[in-house]
Amino acid sequence: MAVLAVQQIRAMRGGAQSQLMLGSDENLWVVKFQNNPQHTRVLANEYLATRLAASIGLTVPTCDVVEVTEWLIANTPELLIQVPHGRERCRAGLHFGSRFVGGLMPGQVVDTLPEAQLAEVKNLREFAGMLVMDKWTSNVNGRQAVFGKRPRERRYTATFIDQGYCFNAGEWKLIDTPLRGVFASNLVYEHIVGWESFEPWMGRVERMDPQAIWSAAESIPPEWYGGDTAELELLVEALIARRARLRQLIDGFRESHRMP
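For the structure given in this document, a descriptive report is provided here. (Residues numbered from 1 in each chain as written. Predicted model: local features only at pLDDT ≥ 70, side-chain atom pairs only at ≥ 80, totals over all residues. Heavy atoms only, no water.)

Notes on the overall build of the protein chain
Here is step 1 of the chain: When you go through the protein chain residue by residue, the secondary structure sums to eight helices and 10 strands.
Here is step 2 of the chain: Relative to its length of 260 residues, the protein chain is compact, with a C-alpha radius of gyration of 18 Å against a globular reference of 18 Å.
Here is step 3 of the chain: With respect to the three principal axes, the spread of C-alpha positions in the protein chain is 55 × 50 × 35 Å.
Here is step 4 of the chain: For the protein chain, the proportion of its 260 residues judged to be buried stands at 46%. (Helix = DSSP H or I, 4+ residues; strand = E, 2+ residues; numbered from the N terminus. Rg over C-alpha atoms; globule rule 2.2 N^0.38 Å. Buried < 20%, exposed > 50% of the residue type's maximum accessible area, 1.4 Å probe, protein only.)

A look at the nonpolar core
Here is step 1 of the chain: In this structure, Leu52, Phe127, Trp136 and Phe147 are the most contacted members of the largest nonpolar core, which totals 57 residues.
Here is step 2 of the chain: Of the residues forming this core, the biggest block, eight residues, is contributed by helix H1 (residues 41-55).
Here is step 3 of the chain: If sequence neighbours within four positions are ignored, phenylalanine 127 has contacts with Ala145, Phe147, Ala158, Phe160, Phe183, Val188 and Tyr189.
Here is step 4 of the chain: If you look at the next biggest cluster of nonpolar residues, it comprises 13 residues, including Ala5, Val31, Phe33 and Val68. (Core = buried A, V, L, I, M, F, W, Y, C linked by side-chain atoms within 4.5 Å. Contact = heavy atoms within 4.5 Å.)

A look at the packing of H1 against helix H4 (residues 126-136)
Here is step 1 of the chain: Orientation of H1 relative to H4, taken along the N-to-C sense of each, is 140°, at an axis distance of 11 Å. You can see that H1 and H4 cross each other, and the crossing is right-handed. From H1, Ala49, Leu52 and Ala53 reach across to H4, where they touch Met130, Met133 and Trp136.
Here is step 2 of the chain: Split by residue class, the contact of H1 with H4 holds six nonpolar, no polar and no charged. (Axes fitted to C-alpha atoms, helices over the stretch in contact; angles between N-to-C directions. Left-handed = near helix turned anticlockwise from the far one by under 90°. Nonpolar A, V, L, I, M, F, W, Y, C, P; charged D, E, K, R; others polar.)

Here we look at the packing of H4 against helix H8 (residues 246-254)
In a packed pair of helices, the relevant descriptors are the angle between the two axes and the axis-to-axis distance.
Here is step 1 of the chain: Look at H4 against H8: their axes get within 9 Å of each other, and the N-to-C directions meet at 110°. Our classification of the angle between H4 and H8 gives roughly perpendicular. Note on element contacts: H8 touches H4 through Leu246, Leu249, Ile250 and Phe253, opposite Leu131, Val132, Lys135 and Trp136.
Here is step 2 of the chain: Classifying every residue of the contact of H4 with H8 gives seven nonpolar, no polar and one charged. (Parallel < 35°, antiparallel > 145°, perpendicular 65-115°, else oblique.)

Considering the layout of surface pockets
Here is step 1 of the chain: Roughly 850 Å³ of internal volume is contained in the largest pocket.
Here is step 2 of the chain: Together, 34 residues line the largest pocket, and Met12, Arg13, Asp111, Val146 and Ile161 are the ones closest to its centre.
Here is step 3 of the chain: Looking at the lining of the largest pocket, the elements that each hand over two or more residues are strand S1 (3-11), strand S3 (28-32), strand S7 (93-99), strand S8 (108-110) and strand S9 (144-149).
Here is step 4 of the chain: A breakdown of the residues in the lining of the largest pocket according to their chemical character gives 16 nonpolar, 10 polar and eight charged. (1 Å grid on protein atoms, 1.4 Å probe; cavity = no way out; pocket = protein on both sides within 12 Å on 5 of 7 lines; lining within 4 Å. Points joined across faces, edges and corners; volume = space filled by probe spheres on them.)

Some words on the packing of aromatic side chains
Here is step 1 of the chain: Here the structure, examined in full by the defined rule, presents seven aromatic pairs.
Here is step 2 of the chain: Pairing phenylalanine 96 with tryptophan 224 gives two aromatic rings, centres 6.4 Å apart and planes at 75°, and the pair type is edge-to-face. One end of the pair, phenylalanine 96, is in strand S7; the other, tryptophan 224, is in the loop between helix H6 (210-218) and helix H7 (229-242), with 128 residues separating them in the sequence. Both residues of the pair, phenylalanine 96 and tryptophan 224, count as buried.
Here is step 3 of the chain: Ring geometry for tryptophan 172 versus tyrosine 225: centroids 6.1 Å apart, planes at 35°, classification tilted. With tryptophan 172 in the loop between strand S10 (157-161) and helix H5 (201-206) and tyrosine 225 in the loop between H6 and H7, the pair connects residues that are 53 residues apart, well separated along the chain. Here tryptophan 172 and tyrosine 225 have matching classes, each one buried.
Here is step 4 of the chain: Here arginine 41 stacks its cationic end above the ring of tryptophan 172, 4.2 Å away from the centre of that ring. (Phe/Tyr/Trp six-rings, centres within 6.5 Å; stacked < 30°, edge-to-face > 60°. Lys NZ or Arg CZ within 6 Å of the ring centre and 35° of its normal.)

Overview of the sheet that holds S10
Here is step 1 of the chain: Overall, antiparallel pairing links the three strands, which are arranged S8-S9-S10 in an open sheet. The open sheet has two free edges, formed respectively by S8 and S10, since each of these has just one partner strand. Going across the sheet, the axis of each strand differs from the next one's by a mean of 25°, ignoring polarity.
Here is step 2 of the chain: Bridging between S8 and S9 involves three bridges; their strand directions are antiparallel. (Pairing = 2+ DSSP bridges.)

Considerations on the pattern of salt bridges
Here is step 1 of the chain: The final tally for this structure, using the stated rule, is 12 salt bridges.
Here is step 2 of the chain: Note that aspartate 162 is salt-bridged to lysine 32, the shortest N-O span being 3.2 Å. On the criterion of sequence distance, the pair formed by aspartate 162 in the loop between S10 and H5 and lysine 32 in strand S3 is long-range, its members being 130 residues apart.
Here is step 3 of the chain: On the accessibility criterion, aspartate 162 (27% relative accessible area) is partly exposed. (Salt bridge = Lys/Arg side-chain N within 4 Å of Asp/Glu carboxyl O.)

Regarding empty space enclosed by the protein
To find leftover empty space, one rolls a probe the size of a water molecule over the atoms.
Here is step 1 of the chain: Across all of its chains, the model carries one cavity of 30 Å³ or more by this definition.
Here is step 2 of the chain: In this structure, the largest cavity encloses a volume near 40 Å³.
Here is step 3 of the chain: Taken together, Asp134, Lys135, Ser138, Asn139, Ile175, Asp176, Thr177, Arg180, Arg242 and Leu249 make up the full set of residues lining the largest cavity.
Here is step 4 of the chain: Looking at the lining of the largest cavity, its residues break down into two nonpolar, three polar and five charged.

Spelled out as structure tokens, the structure:
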């Protein structure tokens, strides 16, 4: 069952023009709408990539399907999407929801950190695991993360967000792009000294039961990909096969002019 959105809180930054909304479960959700300016498939991408990342033990937000009713849209003037020739109402129906990092009591959550604090992030090693995910899923965007800590904590924890441009965004063709899907700073990769630095995440992807990938894909609402099950099947088959090339794809980044 989908989480029911009961209130709009505020618009979020970003190309998808997401909205922060309160759910009936009393959690805050960052909601991407089907009629976002990027592509309807970014909802499917977010759902599938986030579920797969969580399954191999990476720190990603909880995700779910969020229902926004016609009544809520009609009674919330702020639920608008900016389009090239004006604005249109957000569409009612089932949309992608990502649990807001920090929740109702966020403490301190930031988008960027100075390098001194970035080097002390508690789960810095997970950037290697997220590189595995981004190369596997052909993320054509830069790797995005937010950093949160509780009021009495000194060190931040990274949460990996924004998987919408995995699977080459709306194209659903897995391509090789050495400098895509990577974090802006090389500092997060400095601890990598060999293939062992990518464990346990690399091994979990390479040994993942294909049925687990199919199950995650089959739970995506059909309206997020136009109901084209043949296209979804081709994507899953390509994803399963691509695991055999993971190390080659990561090596392409290692040998790039970024010199990570």
